[in-house]
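Below, each chain spelled out in residue letters.
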Amino acid sequence: MKRPIAMLTATGHAVPTRVFKNTDFASIGIETSDEWIRERTGIGQRHIAGAGENLTSLCTAAARTAMEQAGVTASELDAIILGTASPDRLLPATAVEVQAKLGASRAVAFDIDAACSGWLYGIQVAEGMLATGNYETILVIGGEVLSRIVNWKDRNTCVLFGDGAGATVLKRSTKGRGILSAYMRSDGTLADLLHRPKGGAADPLTPEILAEGTHLLTMAGREVFKNAVRSMADAADRALDGAKLSATDIDVMIPHQANIRIIEATAKHANIPMEKVFVNVDRFGNTSAASIPIALSEAHAQGIVKEGSTVMFVAFGAGFTWGSMVVRY
Ligand code: UT7
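All values derive from a computational prediction rather than experimental measurement.

Engineer: Sorry if this is basic, but what is going on with the site of the ligand here?
Structural biologist: Taken together, 23 residues are adjacent to the ligand, and Thr32, Arg40, Arg222, Asn259 and Asn286 come closest. Contacts to the ligand include glycine 221, whose backbone N or O atom sits 3.0 Å from an oxygen atom. Between the ligand and histidine 256 there is a distance of 2.9 Å, counted from an oxygen atom to a side-chain nitrogen or oxygen. Starting from 960 Å² of accessible surface for the ligand in isolation, the protein chains cover 76%. Spatially, the ligand is embedded in the second largest pocket.

In structure tokens, the structure reads:
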């Protein structure tokens, strides 16, 4: 495939109104501390969906901002791809609910379940669709309402995650702008290290499952951490190789925002100084598929990513899934 084919033309994001600070965990009986969470993860707070907020509403709000910025109307959208691990309903896909809310009647709409890599996978699927010549304008969203699938009694996980959505509008490349390289990998042999063990079609919900909480997210944190560092480091190398660029060519690195220590290790391996790494995990926690598009939207709004910037994305999540991309914005 001769690149660039697709370019990212606009961004937007939305997060719930309610902010849940590290110090708020005491109020729900979780034995932790602001100091522990900040030291081990870099997280200071996260946004949590309240009554009336759900994945559809967050994704629709993020999409509207990105569409307005791109000057694209709902009827011009050819496709809506939503990366998420926390859909509003198990059937149908939340992307069709977003389609209905936007009134994007011409758009084909579907979800991608690749956990924290969902937006990055979605961008690569959209690039392939644009390459066919059958599509011109594709909305790619990463969104999560993880607060509704985490176990609020498990301090190993509940302190880590947050809710939100980020959206991007993709169009066919012009003026050499767009995706210069992209890489995706998966390893299902490690699926049990980060998963929701029960409650799916293999083990449908029962009162016992609900009581023991095995339908909620569970994670072997230390193992996931090691794999994340190893895979993200490798993915960063491959993105640079694929684009035939070196670390000094990268203006901004936007990694998945799970843990500041993983971000620092990935940047160090890639030889990218932290001044060039966009970090917002302190304010949003780990928003899984939403983390990179929210960060991109903020970096764009702050003028850190602008037309002509060379940006590297690196993601890692449950599955395991991981990947990377270099984009000339
Ligand atoms: O987005 C997908 C990818 N996900 C990730 O990348 C997450 C990867 N994992 C991590 O970020 C880290 O492994 C964690 C932040 C989850 C944990 O940090 P850690 O340095 O690996 O700590 P640990 O799991 O080894 O636990 C250290 C100690 C344990 O106590 P003991 O057994 O040493 O006495 C835990 O019980 O910290 C304890 N602990 C806590 N203490 C206070 C675990 N959670 C908490 C907590 N507050 N919230």
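Past the structure itself, the notes keep going.
Engineer: What's the story with the pattern of salt bridges in this structure? I'm lost.
Structural biologist: Any two side chains of opposite charge can pair, given that their charged atoms come close. Per the stated rule, a full pass over the model turns up ten salt bridges. Close ionic contact of glutamate 307 with lysine 175 constitutes a salt bridge, the shortest N to O distance being 3.9 Å. Taken together, the residues span a long stretch of sequence, with glutamate 307 in the loop between helix 10 (291-301) and strand 12 (310-317) and lysine 175 in the loop between strand 7 (163-172) and strand 8 (178-186) at a distance of 132 residues. Per residue, the accessibility class of glutamate 307 equals that of lysine 175, and both read exposed. One salt bridge in this structure joins glutamate 307 and arginine 177, with 3.8 Å as the shortest N-O distance. A residue pair is termed long-range when its members are at least 10 positions apart, and glutamate 307 in the loop between helix 10 and strand 12 and arginine 177 in the loop between strand 7 and strand 8 qualify at 130 residues. Given a relative accessible area of 55%, glutamate 307 falls into the exposed group. Three or more residues are tied together by salt bridges with common partners; here these are Lys175, Arg177 and Glu307.

Engineer: What should I look at first to understand the sheet that holds strand 7 in this one?
Structural biologist: Whether parallel or antiparallel, the strands of a sheet pair through hydrogen bonds between backbone atoms. Spatially, five strands are ordered 1-7-6-4-5 in an open sheet, and the strand pairing comes out mixed. Each edge of the open sheet carries a strand with a single partner, namely strand 1 (6-14) and strand 5 (108-112). Between one strand axis and the next, the sheet turns by 20° as a mean value, whatever way the strands run. Across nine bridges, the pairing between strand 6 (residues 137-145) and strand 7 is antiparallel. Note on strand 7: the bridge partner recorded for valine 145 is aspartate 163. Sheet contacts for helix 3 (residues 94-102): strand 4 (79-83), strand 5 and strand 6; angle to strand 5, the most-contacted strand, approximately 140°. Strand contacts of helix 4 (residues 118-132): strand 1, strand 4, strand 5, strand 6 and strand 7, with the helix running at about 165° to strand 6, the strand carrying the most contacts.

Rules and cut-offs
- Residues numbered from 1 in each chain as written.
- Predicted model: local features only at pLDDT ≥ 70, side-chain atom pairs only at ≥ 80, totals over all residues.
- Heavy atoms only, no water.
- Near = heavy atom within 4 Å.
- Polar contact = N/O pair within 3.5 Å; in protein donor to acceptor, adjacent residues only side chain to side chain.
- Areas by Shrake-Rupley, 256 points an atom, 1.4 Å probe, with all protein chains shown as cover.
- 1 Å grid on protein atoms, 1.4 Å probe; cavity = no way out; pocket = protein on both sides within 12 Å on 5 of 7 lines; lining within 4 Å.
- Sits in = over half its atoms within 2 Å of the grid points.
- Salt bridge = Lys/Arg side-chain N within 4 Å of Asp/Glu carboxyl O.
- Helix = DSSP H or I, 4+ residues; strand = E, 2+ residues; numbered from the N terminus.
- Buried < 20%, exposed > 50% of the residue type's maximum accessible area, 1.4 Å probe, protein only.
- Pairing = 2+ DSSP bridges.
- Axes fitted to C-alpha atoms, helices over the stretch in contact; angles between N-to-C directions.
- Contact = heavy atoms within 4.5 Å.

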